[in-house]
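Now for the letters of each chain:
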Amino acid sequence: MIIPASDIVLKNGHKIVLRSVRPSEAQLLLNHLIISHNESYQNLNRDGNYWGKVTLEEEEKILTNIENANMRFMLGAFDGDRIVGGLGIFGSDPGTFTRFTGMLGISIQKAFQGTGLGTAMMKYAIEKCKESGLHRLELSVRTYNPEGIALYEKVGFRRIGTLTDTAFIDGKFVSEYLYEKIL
Ligand SMILES: CC(C)(COP(=O)(O)OP(=O)(O)OC[C@H]1O[C@@H](n2cnc3c(N)ncnc32)[C@H](O)[C@@H]1OP(=O)(O)O)[C@@H](O)C(=O)NCCC(=O)NCCS
């Protein structure tokens, strides 16, 4: 689905536009994913190296599939013609019983962290998820990520439990908290 533009003002007065990343903007998104995953890979599921190898055609296809799916979207935070934050709602196929659950992932470039951008993106995404008919959101966050934990609890996610040693990063197993929000 396509999310319309919403203008927001960050705590530092900077203006950002939140809207869907269109398939024709795949390179902008890849640029963001490479930067944010290089900076914050310990908190994410892949590193920047991975995103550097994804081709433009592959990313266009991913964005086209997301855009064509009900209850799924890729929200971009646009600083002019640059993407500085991304929030995706992903999930299982329309034919499955779990289709009303969306899996949420978010990454914001370091220069824009702590500015209220995460809060604004989460609130806008939750509003659009509700409008789309989605029933449940799910996400996991590393136990050592206080910014992520604070953000999710601030917008009403509930901690379900701990996924022990669920990821292997820099030579060691790390744990995550699982969170959900019923819409
Ligand atoms: C986690 C992330 C999305 C948060 O976004 P953000 O724009 O930094 O968040 P906000 O500025 O809206 O802050 C949200 C809350 O987090 C908390 N917070 C922000 N910075 C913090 C810090 N340095 N330490 C502890 N808590 C912090 C505050 O409680 C804040 O709420 P408040 O503004 O009402 O005080 C962002 O930092 C990010 O993308 N980090 C790297 C990737 C990542 O961790 N993704 C999530 C994976 S699960």
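Scroll up to find the structure this text is about.
Computed from a predicted model, the values in this text were never measured in an experiment. (Residues numbered from 1 in each chain as written. Predicted model: local features only at pLDDT ≥ 70, side-chain atom pairs only at ≥ 80, totals over all residues.)

Time to look at helix 4 (residues 117-132). With 16 residues, helix 4 ought to run about 22 Å at 1.5 Å a step, and its terminal C-alpha atoms sit 22 Å apart, in line with that. By the burial criterion, the buried members of helix 4 are Leu117, Gly118, Met121, Met122, Ala125, Lys128 and Cys129. Projected onto a plane normal to the axis of helix 4, the buried residues spread over an arc of 135 degrees and lie on a single side. Of the exposed residues in helix 4, those oriented more than 90 degrees away from the buried face are Lys130 and Glu131. Looking at the buried residues of helix 4, the elements they touch are strand 2 (15-20), strand 3 (73-79), strand 4 (82-90), strand 5 (101-108), strand 6 (136-142) and helix 5 (146-154). (Helix = DSSP H or I, 4+ residues; strand = E, 2+ residues; numbered from the N terminus. Expected span 1.5 Å × (residues − 1). Buried ≥ 20, exposed ≤ 12 C-beta atoms within 10 Å, placed from the backbone. Arc of directions from axis to C-beta. Contact = placed C-beta atoms within 7 Å.)

Asn43, Ile108, Gly118, Thr119 and Ala150 are the nearest of the 21 residues found near the ligand. Mapped by element, the contributors of at least two residues to the shell around the ligand are strand 5, helix 4 and helix 5. A per-element tally of the shell around the ligand places helix 5 first, with six residues. (Near = placed C-beta within 6 Å.)

Of note, Tyr144 is situated in the loop between strand 6 and helix 5. A residue is classified by how many C-beta atoms lie within 10 Å of it, and Tyr144, with 12 of them, is exposed. As a C-alpha pair, Tyr144 and Glu180 span 36 residues in sequence and 18 Å in three-dimensional space.

Our focus in this paragraph is the pairing of strand 7 (residues 158-169). Counting buried positions over the 12 residues of strand 7 gives zero, only a small fraction of the element. Where strand 7 meets strand 8 (residues 172-182), eight bridges bridge the pair, whose relative direction is antiparallel. Bridging across to strand 8, Arg159 finds its partner in Tyr179. The turn joining strand 7 and strand 8, which pair antiparallel and follow one another in sequence, is formed by two residues; a positive phi near 50 degrees is taken by Asp170. (Pairing = 2+ DSSP bridges.)

The mixed open sheet is built from eight strands, whose spatial order is 1-2-3-4-5-6-8-7. Lying at the two open borders of the sheet, with one neighbouring strand each, are strand 1 (6-9) and strand 7. Going across the sheet, the axis of each strand differs from the next one's by a mean of 25 degrees, ignoring polarity. Sitting on the sheet, helix 5 is in contact with strand 6 and strand 8, with an inclination near 160 degrees to strand 6. (Axes fitted to C-alpha atoms, helices over the stretch in contact; angles between N-to-C directions.)

Moving on, we come to the packing of helix 1 (residues 26-40) against helix 3 (residues 56-68). Between helix 1 and helix 3, the least distance of the axes is 9 Å, while the angle of their chain directions is 100 degrees. In terms of axis orientation, helix 1 runs roughly perpendicular to helix 3. Contacts between helix 1 and helix 3 involve Ala26, Gln27, Leu29 and Leu30 from the first element and Leu56, Glu59, Glu60 and Leu63 from the second. Its residues assigned to classes, the contact of helix 1 with helix 3 shows five nonpolar, one polar and two charged. (Parallel < 35°, antiparallel > 145°, perpendicular 65-115°, else oblique. Nonpolar A, V, L, I, M, F, W, Y, C, P; charged D, E, K, R; others polar.)

Here we take up unusual backbone geometry. Positive phi, close to 65 degrees, is recorded for Met71, a residue that is not glycine. Secondary-structure assignment places Met71 in the loop between helix 3 and strand 3. Met71 sits in the partly exposed class, given 19 other C-beta atoms within 10 Å. With phi around 50 degrees, Asp170 is a residue other than glycine that occupies positive phi space. Of note, Asp170 is situated in the loop between strand 7 and strand 8.

Turning our attention to the pairing of strand 5. As judged from the six bridges shared by strand 4 and strand 5, these two strands associate in the antiparallel manner. In the sheet register, Phe90 faces strand 5, and the bridge partner there is Met103. Both strand 5 and strand 6 contribute to a ladder of three bridges, which runs parallel. In the sheet register, Thr101 faces strand 6, and the bridge partner there is Arg136. The handedness of the strand 5 to strand 6 crossover, carried by helix 4, is right-handed. (Right-handed = clockwise from strand over helix to strand, strands pointing away.)

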